Structures are given as structure tokens and as C-alpha cells.
Amino acid sequence: MEPTAAPPADPKHSPFLPLLLLALALLVTLAFQCFVLVSERETLSATAQRQNEPIEQAQRVRAQLQNLLGGIARLANQGNDNAAALLADLKNRGINVRLTDSDSAAATEETTP
């Protein structure tokens, strides 16, 4: 009988290579996510800055409108029929005109002789 050859020894595989690949994949994923978050933050910040100017313009227009409406209200309080009609029309359209303290003080000063 012929001596049987011993089966080849099962070489033990080191877990180093799979763990190294896993660590590299995790590192690349985290680096990519960090890059995406930083770029999104910059985009969001730029968008917020671009919105500031229209908001400031809207506030200036609103202040001018309130000033104009305050003047019309003062005229209506002094007896101007056209101003009173305009205020009534604005009220019918749902726009309420309120006199501020400075407007009402100016109205009383102008009517007092």
C-alpha cells in the first residue's frame, strides 16, 4: 500500500486584511459625509445671507407705508373727507390703520390753535 498523503494543512487566514478594508471603508465614508455636511453648511449660510437684503427692503417699505397711512389718518382726523373715504375703503379691503402715539400726538398738536 502506498502511504496516503496527508491532507494539506488548512492555512489560517489572518483577520488583518478584512478588518483593514473595513476600517478604510468606514474612514472614507466618514470623510465623505463630513465633506458633504461642510458644503451644505456653506450653502445654507450663503442662502441666509441672500435673504437678509429682501427682508430689510420689505421692512423699509412697510415703515414707509405705515408713515403714509399715519399721515392719511391724521388728515381724516382733521376733517378731510377724501382721507376719510380712503380710510373707509382701506378698512373695507381688510387693511386696518392704527395711529401710533407719535401720529396721534402730531394730530392733536396740529388741531390745537
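Residues numbered from 1 in each chain as written. Predicted model: local features only at pLDDT ≥ 70, side-chain atom pairs only at ≥ 80, totals over all residues. Heavy atoms only, no water.

A. Geometry of the overall build of the protein. A count of helical and extended segments in the protein gives three helices and zero strands. Overall, the protein shows an N-to-C arrangement of helices and strands of α-α-α. Every one of the 113 residues in the protein was classed for burial, and the buried ones make up 11%. (Helix = DSSP H or I, 4+ residues; strand = E, 2+ residues; numbered from the N terminus. Buried < 20%, exposed > 50% of the residue type's maximum accessible area, 1.4 Å probe, protein only.)

B. Geometry of a nonpolar patch on the surface. A cluster of nonpolar side chains, Phe16, Leu17, Leu20, Leu21, Leu24 and Leu27, forms an exposed patch at the surface whose accessible area comes to about 620 Å². In this fold, Leu21 is placed in helix H1 (residues 16-77). (Patch = residues over 30% accessible without salt bridge, like charges linked within 9 Å, V, L, I, M, F, W, Y side chains within 5 Å. Areas by Shrake-Rupley, 256 points an atom, 1.4 Å probe, with all protein chains shown as cover. Salt bridge = Lys/Arg side-chain N within 4 Å of Asp/Glu carboxyl O.)

C. Just the nonpolar core, in detail. Leu69, Ile72, Ala73, Ala76, Ala83, Leu87 and Leu90 together form the largest nonpolar core, which totals seven residues. Mapped by element, the contributors of at least two residues to this core are H1 and helix H2 (81-92). Aside from chain neighbours lying at most four places away, what touches Leu69 is Leu90 and Val97. (Core = buried A, V, L, I, M, F, W, Y, C linked by side-chain atoms within 4.5 Å. Contact = heavy atoms within 4.5 Å.)

D. Representation of the packing of H1 against H2 in the model. In the contact formed by H1 and H2, the axes pass within 8 Å of each other and the chain directions differ by 125°. Classified by the angle their axes make, H1 and H2 are oblique. Seen from above, H1 lies across H2 with left-handed handedness. Packed against H1, whose contacting residues are Leu69, Ile72, Ala73, Leu75 and Ala76, the element H2 presents Ala83, Ala84, Leu86, Leu87 and Leu90 at the interface. When grouped by side-chain class, the residues that make up the contact of H1 with H2 number 10 nonpolar, no polar and no charged. (Axes fitted to C-alpha atoms, helices over the stretch in contact; angles between N-to-C directions. Parallel < 35°, antiparallel > 145°, perpendicular 65-115°, else oblique. Left-handed = near helix turned anticlockwise from the far one by under 90°. Nonpolar A, V, L, I, M, F, W, Y, C, P; charged D, E, K, R; others polar.)

E. Region of interest: H2. The first and last C-alpha atoms of H2 sit 16 Å apart over 12 residues, in line with the 16 Å expected at 1.5 Å per residue. Residues of H2 that are buried include every one of Ala83, Leu87 and Leu90, and no others. Looking straight down H2, one finds that the buried residues subtend no more than 60° of arc, so they occupy a single side. Among the exposed residues of H2, those oriented more than 90 degrees off its buried face are Asp81, Asn82 and Asn92. Against the buried residues of H2 lie H1. Of the residues flanking the start of H2, the one acting as N-cap is Asn80, its side-chain oxygen 2.9 Å from the backbone nitrogen of Asn82. Where H2 terminates, the next one or two residues include Gly94, which has phi positive at roughly 95°. (Expected span 1.5 Å × (residues − 1). Arc of directions from axis to C-beta. Polar contact = N/O pair within 3.5 Å; in protein donor to acceptor, adjacent residues only side chain to side chain.)

F. Summary view of the confidence of the model for the protein. Averaged over every residue, the pLDDT of the protein is 85; the share at 70 or more is 79%. For the protein, per-element mean pLDDT is lowest for helix H3 (residues 101-111), which scores 50, and highest for H1, which scores 95. Overall, residues 106-113 carries pLDDT values under 50, and its contacts beyond four positions in sequence, including any with other chains, amount to five contacts. (pLDDT = per-residue confidence, 0-100.)

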